[in-house]
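The residues making up each chain are set out below.
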Amino acid sequence: MRGITKRFPGVLANDQVDFEALPGEVHALLGENGAGKSTLSNILTGLYRPDEGEMLLYGKPATFHAPRDAIDAGVGMVHQHFRLAASFTVAENLVLGHRDAADRGLLLEPRVVEGRIAELSRRYRMPVNPRARIWQLSVGEQQRVEILKVLYRGARILILDEPTSQLTPQEADDLFQTLRLMAAEQRTIIFISHKLEEVMAVSNRVTVLRRGKVIGTVMTGDTNTRELARMMVGRDVVFTQKKQGPAQAERQVALELRQVSATGDLGTPALHNVNLTVHAGEIVGVAGVAGNGQHELAEVVTGMRRRTSGQVIVTGRPARGSNPLEAIRRGIAYVPDDRLGTGVAPSLSVAENLVLKAFRRPPISTQGFLHPRRIRANAVELMRRFNIAASSPQTPARQLSGGNIQKVLLARELSSHPRVLVACSPTSGLDVGATDTVRGLLLEAARDGVGILLISEDLDEILALADRIAVLYGGRITGIVERQHAEVEQLGLMMAGAATK
Amino acid sequence: MIRIERRLTESRWLVAAVPAGSLVAAAILSGLILLVTGHDPVATWSRLLDRGFFAPGAMSATLVTATPLLLTGLAAAAAFRMQTWNIGAEGQLYLGAVGASGIGIALRDQSPFLVIPAMILAGIVTGAAWAAIPGVLRAYTRTNEIITSLMLNYVAGLLMSYLIFDSHSYWRDLSTFTARVFPQGKYLPDAASWPNFPLGGIAIPLGFVLGMIAAAVLWVIYTATRFGFEARVIGDSRAAAHYAGIRTRRKIVAVMALSGALAGIGGASEIGDFRHVLDPRGLQQASFGYAGIVVAALARLNPFAVIVVAILLGGLSNAGFSLQGATFPAGLVGTLQGLILFCALAGELLVHYRIRFARRAGAAPPAPVPARAEIA
Amino acid sequence: MINNTILVVIAASAISYGTPLLFAALGELLAERSGVLNLGVEGMMLIGAVSGFWAVQTVGGPGWVVLLAAVVVAALAAAATSLIHAVLTISLRASQIVSGLALTIFAGASGLSSYIGHVASLGGKPARHEFDAINVLGLQDTPVIGPILFHQNALTYVSWVLVVLTLLYLYRTRPGLHLRAVGESPATADAMGVNVTAYRYVHVMIGGALAGIGGAFFSLAITPGWLDGMTSGAGWIAIALVIFAFWRPELALVGAYLFGAFSSLAFTLQARQVHLPPEVFASLPYLMTVIVLVLVSTGWARQRLGAPASLGVPYVREER
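Residues numbered from 1 in each chain as written. Chains lettered and ligands numbered in written order. Predicted model: local features only at pLDDT ≥ 70, side-chain atom pairs only at ≥ 80, totals over all residues.

(A) How the structure looks around the overall build of chain B. For chain B, the count of helices and strands is 15 helices and 4 strands. Residues classed as buried in chain B amount to 57% of the 376 residues present. Considering only intrachain contacts with a sequence separation of at least 6, the fraction spanning at least 24 residues in chain B is 77%. (Helix = DSSP H or I, 4+ residues; strand = E, 2+ residues; numbered from the N terminus. Buried ≥ 20, exposed ≤ 12 C-beta atoms within 10 Å, placed from the backbone. Contact = placed C-beta atoms within 7 Å.)

See below:
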């Protein structure tokens, strides 16, 4: 790829990017969120068209007008957010859009397809059941389907976008094995990531992107994580870390779950008899692979989901019903993982979003009428205190960057002086600066005595912030460990369902 | 190639220019339809405008037609603001007319100061109650309100027909022999005739005044009250509303009832300002409820803009009714309304997106130096 | 004779009244499977009804040729009408709800269909040709099933074939798989090289064509002739039917005849001198639609399995 430039309204996503990858190598594309990695890969797979620049495949110029062209040219992408139709079977997902001699016909031929899937999954040691429906599969299995889908199409160049973000450490190791197997067959693997350790572990070469520009390409053997980090961020980074745990015995219990069970959206059981305690000033991390009940856990605590049994106790008083208003009044703040859409109303202004919960009470409203001036003053104050970059309090929330949306959320939730804060994946998708700010705010809140339930799929984040770590698997807590005693290996096993004493 | 990008900010002048442009574009398109079917578009249009706005007395007649459009337009705007799709203003207007005419007949010997407020109140109550049915079904059984509110329009129409044509109901005039053979409703007493307010040669009907007050109230509700704030959050994102502890179900019922009440006033005004009798055929032919959707959409759900648009479309409808005949086929008004709405929808794209005409990406100038960097 | 008993008569005419619903519902089902909600069915049916009737009055030739031409004209006219909705919602990303309503206002009872009817002065004229019931294999006098299954008109039999074809198309063919993917997860389909825009355009227009045939069934079979707004809400019932049928063709067939039965019940009971006001019967299909929809929306069907996940959502690739 040569001189690739891509602009979005208000953003220069790729600026004169040059990039090359060789057959048989695992080439890592490293950069923090927003550095332009995804844009580059979307150009490579024909989803976006570059504003400038050209691409060469095996020495020949290539122009992709649509994803189909890239597929035909042997370029396949494994997206971070899987591109799978959830209600379809594995086999149906694999033949989707596919056209080659074997199955070009009008009619679907499930048997033939299933045979070929079986063969591929044997060859690359990725077992899946071709007849299973996607929604029945675990995240790790779904990723296998994504990779098989690309191989099924005969891709010579595979692009994997943040492939380990939702895997347990063990699953990630299995994935690296498979990638090496494929590189050994002279395929080209482009491995997109912002995690330094795994880039060091799996790649042959690394190209670093920062703010849409290529900073440099180095052989993995000639570098180290510190150098890569400096290239990636432009300065030495030291993430905010939890210094020491609170003295638990003296603290009172902020939140207690007793034997809590709940069902998921499809009516199937999602939480089983969960017991968990969060003390004031303590951060309890909930680790686990996505879809093991984290979402339901957060919703049950915040009253957004009915519990089928058990009790949610805040500062000693059990919740009567389960509705969000009651939870808000009892001092439970919530930073949901779906920021834009749940956490904020996207078309409403920053000022309005900052009073999304406080609008019921004086001084924001009295006798059913709102006070626009007080809403504005509140916004100005919070924007200053939390450093929210928005052109004005009147700006619609959807126009803010992810980091600023998260600051709006935290500003609103923390300014309500909560007793408990439930934070779900609070830094996912944020750049390094915003991540640091958000972590800082969480630690500060804990110092002020808020009990924090930190639910995240990012194990590094939990290890950086939490005092204690609970692991959720299949809707059950498979273990709770002190951070000082936590080992990644052991947590990984717990995340995969192995219970510990 | 054409590329469409989302605008970061809405262009202010386009917000006003698009509806105006839509009217012009729709006029041209309907002109084409007229031309193809052998009518002279210029003559037809000038007659429409003349009859609707400029001829002596036209404006007063237009305001009478604009009144129910204003109220059903507000009804649609009130509900659509919350993404609650009340398509039932038609039936709610019928019910408002049934309620208001019933009260008007019942209080035949009372003073206008009692009868008229009672009619307005009856319109509000019956309209709101009819709209509450799809509201409750939406809120508590998750039943699609578009279809239920629409089905109830047909039921409301049949209910009116039953009252006048197929029963000896309270609303039917059975006093004379002719009335028994050719069914019709009882005429309301003079005390139930709504007054109008002359202003520079134009008579402004009471219903229109009520509509303007309702527009102002609706604006206040949506911009300055807790109720309106909650409704706007729900309209923007149901998930965010749930998250913020807003009781979505009650709000859906309340907003549907509010919407139905507005349409109900529209029905009451049709009785009080204009017909003075429950006239099922006339009301059904006018289809003010459906036209209200056009009004609201064209006004981009802004209550004050609804007033302006209602007068414009009221003029066209008024002219359409009075010109209807061999040279001015029926159906033109609906066609025109549809076209205006299509153009407004297309124009909406301009407000939210910027359209760029760019070269095809593949046709970029060739690189002067043979490329060294390549993939694989 | 048993074939004159009320249940047989109602069942036979339920199929007749259900046929236009079935056509329109199958069309809407295909459009919605591609992710596009089209609330303009009523308008498209009326366009189909008026243009089909116009063709019957205008085209010369033997009866079956004229009727075939009429069906084709009705389908094409309604498909052209649906193209407006397709352009507005797929290319211009307008609200599917508002655009569909606009389509019904534009084409509906006091819109273009009425205009065409007046311009071509079609109102009140007897049809030159109409679809008559066929005595299939001479079995029409078979007890019970004769009048129900073997004495319907040609379009009804076509609709049965269509249900089977739609089933095969959706679940056994590659384009059917692609269609389902487009409605379920357009981003996935797009990434896999399926042309989302093309699939949506094509199926919205097929939807329009089938609604047009459904409309023509009114003006050429049920009550041959032309009357403003003669479909009287059938288009809306068809939309409700798609929800009722969980977006499955075979259930749409069941639903269409169920709703057909409500309509036929109204007419049959009235003809049999049952003394109730005619409005009670006439409102039956509408009230039953509401009731059935409520039942479907609650209880066991709460999850609305089968609703295409992207229904109503415009698909935009290059945006962030």
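We are not done yet, so read on.
(B) Region of the structure containing the overall build of chain C. Looking only at helices and strands, one finds 14 helices and 0 strands in chain C. Listed N to C, the secondary structure of chain C is α-α-α-α-α-α-α-α-α-α-α-α-α-α in terms of helices and strands. With the C-alpha coordinates of chain C rotated into their principal frame, the extents come out at 65 × 50 × 40 Å. In chain C, buried positions account for 58% of the 320 residues. By sequence separation, contacts in chain C at least 24 residues apart represent 78% of the contacts at least 6 residues apart.

(C) Expanded view of the pairing of strand S9 (residues 205–210) of chain A. All names here are of chain A. Where strand S3 (residues 26–30) lies against S9, 4 bridges are found, and the strand directions are parallel. Residue pairing across strands places His27 opposite Arg205, the latter belonging to S9. Sheet topology note: the S9/strand S10 (residues 213–219) ladder contains 6 bridges and is antiparallel. Its bridge partner being in S10, Val208 is matched across the sheet by Gly216. The hairpin formed by S9 and S10 contains 2 residues between the paired strands, and Arg211 there has a positive phi angle of roughly 45 degrees. (Pairing = 2+ DSSP bridges.)

(D) Molecular detail of the sheet that holds strand S15 (residues 317–318) of chain A. All names here are of chain A. Judged by pairing direction, the sheet is antiparallel, and its 4 strands sit side by side in the order S12-S11-S14-S15 without closing on themselves. Edge positions in the sheet fall to strand S12 (269–279) and S15, since each of these pairs with one other strand and no more. Across 5 bridges, the pairing between strand S11 (residues 253–263) and strand S14 (residues 309–314) is antiparallel. If you follow Arg258 over to S14, its bridge partner there is Gln311. Sheet strands in contact with helix H9 (residues 294–301) are S11, S12 and S14, and its direction is about 60 degrees off that of S12. (Axes fitted to C-alpha atoms, helices over the stretch in contact; angles between N-to-C directions.)

(E) Examining the interface of chain A and chain C more closely. Listed by partner, the interface residues are 20 residues for chain A and 20 residues for chain C. Broken down by secondary-structure element, the contributors of at least two residues to the side of chain A that touches chain C are helix H2 (67–72) and helix H3 (90–95) of chain A. Of the residues forming the side of chain A that touches chain C, the biggest block, 3 residues, is contributed by H2(A). Tallied by class, the residues present in the side of chain A that touches chain C amount to 15 nonpolar, 2 polar and 3 charged. (Nonpolar A, V, L, I, M, F, W, Y, C, P; charged D, E, K, R; others polar.)

(F) Just the interface of chain C and chain B, in detail. Across the boundary between the two partners, chain C contributes 41 residues, which contact 42 residues of chain B. Among the elements that line the side of chain C that touches chain B, the one with the most residues is helix H4 (residues 96–107) of chain C, at 8 residues.

(G) The arrangement of the sheet that holds strand S13 (residues 283–287) of chain A in detail. Residues and elements named next belong to chain A. If you trace the 6 strands from one edge of the open sheet to the other, you get S16-S19-S20-S13-S21-S22, paired in mixed fashion. The open sheet terminates on both sides in strands that have one partner only, identified here as strand S16 (332–335) and strand S22 (476–482). Mean inter-strand twist for the sheet, computed between neighbouring axes without regard to direction, equals 20 degrees. As paired elements, S13 and strand S21 (residues 468–473) share 4 bridges and run parallel to each other. Each bridged residue has a counterpart across the sheet, and for Val284 the counterpart in S21 is Arg468. Packing against the sheet, H9 makes contact with S13, S16, strand S19 (420–424), strand S20 (451–455) and S21, and its axis sits at approximately 155 degrees to S20. With respect to the sheet, helix H14 (residues 432–447) is in contact with S13, S19 and S20, its orientation differing from that of S20 by roughly 150 degrees.

(H) Main features of the domain arrangement of chain B. Residue and element names in this part refer to chain B. You can read the domains of chain B as domain 1 (1–39 + 329–358) and domain 2 (56–327). Listed as interface residues are 10 residues of domain 1 and, on the opposing side, 9 residues of domain 2. Going through the elements one at a time, helix H1 (12–36) and helix H15 (332–352) are the ones with two or more residues in the side of domain 1 that touches domain 2. Broken down by element, the side of domain 1 that touches domain 2 gets its largest block of residues, 7 residues, from H15. Along the lines of polarity and charge, the residues of the side of domain 1 that touches domain 2 split into 8 nonpolar, 2 polar and no charged. (Domains from an automatic or database assignment.)

(I) Structural view of the confidence of the model for chain C. Averaged over all residues, the pLDDT of chain C equals 89, while 96% of them reach at least 70. What the predictor reports for the complex is a pTM of 0.88 with an ipTM of 0.88. (pLDDT = per-residue confidence, 0-100.)

(J) Structural context of the nonpolar core. One finds Val306(B), Ala25(C) and Leu241(C) to be the most contacted residues of the largest nonpolar core, which totals 311 residues. The element best represented in this core is helix H3 (residues 58–80) of chain B, accounting for 15 residues. In this structure, Val306(B) is in contact with Leu70(B), Gly73(B), Leu74(B), Ala77(B), Ala215(B), Val295(B), Ala296(B) and Ala299(B), ignoring residues within four places of it in sequence. Core analysis: the second largest hydrophobic core is formed by 77 residues, Leu29(A), Ala91(A), Ala183(A) and Tyr199(C) among them. (Core = buried A, V, L, I, M, F, W, Y, C linked by C-beta atoms within 7 Å.)

(K) Examining the packing of helix H2 (residues 41–54) of chain B against helix H14 (residues 303–323) of chain B more closely. All names here are of chain B. With their axes 8 Å apart at the nearest point, H2 and H14 run at an angle of 110 degrees to one another. The angle between H2 and H14 places the two elements in the roughly perpendicular class. Classified by chirality, the crossing of H14 by H2 is right-handed. Residues Arg47, Leu48, Arg51, Gly52 and Phe53 of H2 form the contact with H14, whose participating residues are Gly315, Leu316, Asn318, Ala319, Ser322 and Leu323. When its residues are assigned to classes, the contact of H2 with H14 shows 5 nonpolar, 4 polar and 2 charged. (Parallel < 35°, antiparallel > 145°, perpendicular 65-115°, else oblique. Left-handed = near helix turned anticlockwise from the far one by under 90°.)

(L) Region of interest: unusual backbone geometry. All names here are of chain A. Looking along the chain, the bond that leaves Pro362 and enters Pro363 is cis, with omega of 5 degrees. By the secondary structure assignment, Pro363 is in the loop between helix H11 (350–354) and strand S17 (365–366). Of note in the backbone geometry, Glu162 takes a positive phi value of approximately 45 degrees without being a glycine. Relative to the helices and strands, Glu162 is located in the loop between strand S7 (157–161) and helix H6 (169–184). Despite not being glycine, Asn387 shows a phi value in the positive range, around 60 degrees. The residue Asn387 is located in the loop between helix H12 (372–385) and helix H13 (402–414) in this model.

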